[in-house]
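So the chains spell out like this:
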Amino acid sequence: MKLFDILLIKTKYCPISWLIRKYTHSEWNHCAFILDNKTIIDCKSIGIKIRPLKVYLNKFYKLKLIRLNGLTKKNKRKMKYHLIFIKPLLKVNYFRFLITLWLIFINYKGKLPTYTCSGFIAICLKKIGYYIRLDKKISRITPEDINQKKERKMLPKVYILIPAYNESKNISILIKNLNLTKYSFLIVNDGSTDNTLD
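A few points on the structure.

Rules of the game
- Residues numbered from 1 in each chain as written.
- Predicted model: local features only at pLDDT ≥ 70, side-chain atom pairs only at ≥ 80, totals over all residues.
- Heavy atoms only, no water.
- Phe/Tyr/Trp six-rings, centres within 6.5 Å; stacked < 30°, edge-to-face > 60°.
- Helix = DSSP H or I, 4+ residues; strand = E, 2+ residues; numbered from the N terminus.
- Buried < 20%, exposed > 50% of the residue type's maximum accessible area, 1.4 Å probe, protein only.
- Patch = residues over 30% accessible without salt bridge, like charges linked within 9 Å, V, L, I, M, F, W, Y side chains within 5 Å.
- Areas by Shrake-Rupley, 256 points an atom, 1.4 Å probe, with all protein chains shown as cover.
- Salt bridge = Lys/Arg side-chain N within 4 Å of Asp/Glu carboxyl O.
- Lys, Arg positive; Asp, Glu negative; His and termini not counted.
- Charge placed at Lys NZ, Arg CZ, Asp CG, Glu CD.
- Pairing = 2+ DSSP bridges.
- Axes fitted to C-alpha atoms, helices over the stretch in contact; angles between N-to-C directions.
- Contact = heavy atoms within 4.5 Å.

1. Brief notes about the packing of aromatic side chains
Summed over the entire model, instances satisfying the criterion amount to four aromatic pairs. Each ring, one from F4 and one from F33, has its centre 5.2 Å from the other, and the planes form 80°; the classification is edge-to-face. Placement of the pair is F4 in the segment before β1 (6-11) and F33 in strand β2 (residues 30-34), with a sequence separation of 29 residues. Comparing F4 with F33, the two get one shared label, buried. The rings of F4, F33 and F120 are connected pair by pair, giving a single aromatic cluster.

2. Remarks on a positive patch on the surface
There is a patch of like positive charges on the surface, built from K73, K74, R77, K78 and K80. In this structure, K74 sits in helix α2 (residues 73-89).

3. A closer look at helix α4 (residues 117-126)
Among the ten residues in α4, nine count as buried, and that is most of the element. Residues of α4 that are buried: C117, S118, G119, F120, I121, A122, I123, C124 and L125.

4. Section: the sheet that holds strand β5 (residues 61-66)
With respect to topology, five strands assemble into an open sheet ordered β4-β3-β2-β1-β5, the strand pairing being antiparallel. This sheet does not close on itself; its edge strands, each paired only once, are β4 (47-52) and β5. Neighbour-to-neighbour, the strand axes of this sheet turn through a mean angle of 30°, independent of strand direction. Across six bridges, the pairing between β1 and β5 is antiparallel. Looking at β5, one finds that K10 is bridged to K62. Along the sheet, α4 contacts β1, β2, β3 (39-44) and β4; its crossing angle with β2, the most-contacted strand, is approximately 40°.

Structure representation (structure tokens):
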């Protein structure tokens, strides 16, 4: 096992796990990041925890290891850095988790109260340009999406250069919309005489 491999988990005797598998058409109901041969990062209803792997090494669980191809040492360092800062920001508790599951089951399209385990993994991977699926919102990524090898890929870093001349009225809307995309961008002030630079 290597750092940031993904562990897919099937909980055998749990009704909520059964519902998740049924709804997502998957054999898997949970996933976690591998830190080393003994430790995982687990995002559950109790929050994001660093836990021993042995928690899942018994007859109540079936496991599968997924290796993400293309992760460099630099990517892994960036992921570690991101995890240090994202962990306190994710407000996960059992009530939020149940509300999130219920909203997913009813196909709610808005923002979810918290991340699912696979959404947590997808948001961490997005920070380094690695996408599980490009056609799905990150909050809707499932363990089955992670399981399907054909979709996972590292996108090349693409920068969009945008010249801006006297665009002070439009620049904030442009930046807001560009921040919603997966691309990095640079806006170049082209000698504006208004407040474009601000």
